[in-house]
Amino acid sequence: MALDPGLVGRSYPPSAVYEVGREKIAEFARALGDDDPVYRDPDAARAAGHPDVVAPPTFAVVLSLGAGDVVLDDPDVGIDYSRVVHGEQRFVHHRPIRAGDRLVATASIEAVRSVAGNDMLTTRVDLATEDGEPVCRTSAMLVARGA
């Protein structure tokens, strides 16, 4: 069943606050194999001009994946997740994510289209501080393979 183009623009309530911790940043950097000290050492981060350790740019996926689940759980979307492959991921950073940030994630549907019997769903997740300062925008395109 083709996705409804009328879903484009649908927005969902913000997530609960996620407090970014130094250890979570360090774990993520280790998983990437990135040993840049700004991800682990507050002194190195301050020497680089940051108030605390910063997260690797793709750390935003930690929040955006969970926040994007609200779209997949929406019965109006009706996507068969067992047929989904990840097509594309983009990040636009307004500033680095830092230890101590208290972030909320707001998901929305950015695009819907069908190509060669496959449904393509692009979601956007805006990450902001709980005070509303924009931090990062992520976009993910999922492809639901046709029968």
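It should be emphasised that the depicted structure is a prediction, and the values quoted were computed from it without experimental measurement.

(A) Spotlight on the pattern of salt bridges. Scanning the entire structure with this criterion turns up 15 salt bridges. Notably, a salt bridge pairs Arg30 with Glu23, separated by 2.9 Å at the nearest N-O pair. A relative accessible area of 46% places Glu23 in the partly exposed class. Between Glu110 and Arg90 there is a salt bridge; the shortest N-O distance is 3.8 Å. Here the residue Glu110 occupies a position in strand β3 (residues 102-115), and Arg90 occupies one in strand β2 (residues 84-93), the gap between them amounting to 20 residues. Looking at Arg90, the relative accessible area reads 41%, which means it is partly exposed.

(B) Local environment of the pairing of strand β5 (residues 134-144). Counting buried residues in β5 gives nine out of 11 residues, a clear majority hidden from the surface. Across nine bridges, the pairing between β2 and β5 is antiparallel. Considered in β5, the bridge of His86 is made with Leu142. Two elements, strand β4 (residues 118-129) and β5, share 10 bridges in a ladder whose sense is antiparallel. Bridge pairing in β5 places Met120 opposite Val143. Counting the residues that bridge the hairpin from β4 to β5 gives four residues, and of these Gly132 lies at a positive phi of roughly 100°.

(C) The arrangement of the environment of Pro13 in detail. As for its position among the elements, Pro13 is in the segment before β1 (18-19). Expressed as a C-alpha distance, the spacing of Pro13 and Val77, which sit 64 residues apart in the sequence, is 16 Å.

(D) Geometry of the packing of aromatic side chains. Summed over the entire model, instances satisfying the criterion amount to one aromatic pair. Considering the side-chain rings of Phe28 and Phe59, the 5.4 Å spacing of their centres and the 80° angle between planes classify their relative orientation as edge-to-face. Placement of Phe28 in helix α1 (residues 22-32) and of Phe59 in the loop between α2 (42-47) and α3 (60-72) is noted, with a sequence separation of 31 residues between them. Phe59 carries the same exposure label as Phe28, and that label is buried.

(E) Spatial organisation of unusual backbone geometry. Even without being glycine, Ala116 reaches a positive phi, approximately 50°. Tracing the chain through its elements places Ala116 in the loop between β3 and β4. Residue class for Ala116 comes out exposed when judged on its relative accessible area of 78%.

Rules and cut-offs
Residues numbered from 1 in each chain as written. Predicted model: local features only at pLDDT ≥ 70, side-chain atom pairs only at ≥ 80, totals over all residues. Heavy atoms only, no water. Salt bridge = Lys/Arg side-chain N within 4 Å of Asp/Glu carboxyl O. Buried < 20%, exposed > 50% of the residue type's maximum accessible area, 1.4 Å probe, protein only. Helix = DSSP H or I, 4+ residues; strand = E, 2+ residues; numbered from the N terminus. Pairing = 2+ DSSP bridges. Phe/Tyr/Trp six-rings, centres within 6.5 Å; stacked < 30°, edge-to-face > 60°.

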